[in-house]
Amino acid sequence: AVVSTQSTGVKCKMCSRENSLNIIPGSVKPYCKDNAQFASVVKFESRGIEVVEFEPRSGWLAKGAESPTVFPNVDLSDKEWCDYDENEDREVGIYDVKSKFVSVKS
């Protein structure tokens, strides 16, 4: 999958300092059901910004764990999603989405 490097910049109104948040190229990885409860899926370079919360929205891609079915444009806005996998003849879903940020010094 092609993932573009997205960034955001914010200028402090008090001191005029430029702050930024960038996705580190090559750091985006898929999350698999075989991963531990938490797994690194993206790394950011943060200068002057502290990320404290992740709000998943739409545009995610899910793949059947035991089938070739691909579910495009999954919406995780409600921190859960379900659909029906016709290849497996059963309901599939992502439930109770949680995230955390870990500071890594390089």
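Note that the structure is a prediction, hence the values are computed from the model and not measured. (Residues numbered from 1 in each chain as written. Predicted model: local features only at pLDDT ≥ 70, side-chain atom pairs only at ≥ 80, totals over all residues. Heavy atoms only, no water.)

Attention now moves to the overall build of the chain. Along the backbone of the chain there are zero helices and seven strands. Along the chain, from the amino end to the carboxyl end, the secondary structure elements read β-β-β-β-β-β-β. In terms of overall dimensions, the chain is more spread out than a globule: its C-alpha atoms have a radius of gyration of 17 Å, far above the 13 Å expected for 106 residues. Summarising its shape, the C-alpha atoms of the chain cover approximately 60 × 25 × 25 Å along the three principal directions. Restricting the contact set of the chain to residue pairs at least 6 apart, pairs at least 24 apart contribute 22%. Positive and negative side-chain charges of the chain, numbering 14 and 17 respectively, have mean locations separated by a distance of 14 Å. (Helix = DSSP H or I, 4+ residues; strand = E, 2+ residues; numbered from the N terminus. Rg over C-alpha atoms; globule rule 2.2 N^0.38 Å. Contact = heavy atoms within 4.5 Å. Lys, Arg positive; Asp, Glu negative; His and termini not counted. Charge placed at Lys NZ, Arg CZ, Asp CG, Glu CD.)

According to the stated counting rule, one finds two aromatic pairs in the structure shown. With a centroid separation of 6.1 Å and 90° between ring planes, the pair formed by Phe54 and Trp60 is classed as edge-to-face. Overall, Phe54 belongs to the partly exposed group, its relative accessible area being 32%. Note on Phe71 and Trp81: the rings are 5.2 Å apart at their centroids and 70° apart in plane angle, and the pair reads as edge-to-face. (Phe/Tyr/Trp six-rings, centres within 6.5 Å; stacked < 30°, edge-to-face > 60°. Buried < 20%, exposed > 50% of the residue type's maximum accessible area, 1.4 Å probe, protein only.)

Counting seven residues, the largest nonpolar core consists of Ala62, Phe71, Val74, Leu76, Trp81, Val92 and Val97. Look past the residues within four positions of Phe71 in its chain and what remains in contact with it is Trp60, Leu61, Ala62, Gly64, Trp81, Asp83, Tyr84, Asp85 and Val92. (Core = buried A, V, L, I, M, F, W, Y, C linked by side-chain atoms within 4.5 Å.)

Moving on to the state of the cysteines. In total, this model carries zero disulfides according to the counting rule given. Unpaired in this structure, Cys15 has its nearest cysteine sulfur neighbour in Cys12, at a distance of 3.6 Å. (Disulfide = S-S within 2.5 Å.)

Moving on: the pairing of strand 2 (residues 18-23). Here five bridges tie strand 1 (residues 7-11) to strand 2, and the two strands are oriented antiparallel to one another. Its bridge partner being in strand 2, Thr8 is matched across the sheet by Leu21. The hairpin turn running from strand 1 into strand 2, its antiparallel successor, is six residues long, and Ser16 in that turn takes a positive phi close to 65°. Of the strand pairs in this sheet, strand 2 and strand 3 (residues 44-47) are connected by four bridges, and their pairing is antiparallel. Among the inter-strand pairings, Asn22 is bridged to a residue of strand 3, identified as Glu45. (Pairing = 2+ DSSP bridges.)

What follows deals with the sheet that holds strand 2. The three strands lie next to each other as 1-2-3, forming an open sheet whose pairing is antiparallel. Both outer strands of the open sheet, strand 1 and strand 3, are each paired with one neighbouring strand and no more. Adjacent strand axes in the sheet meet at a mean angle of 5°, parallel and antiparallel pairs treated alike. (Axes fitted to C-alpha atoms, helices over the stretch in contact; angles between N-to-C directions.)

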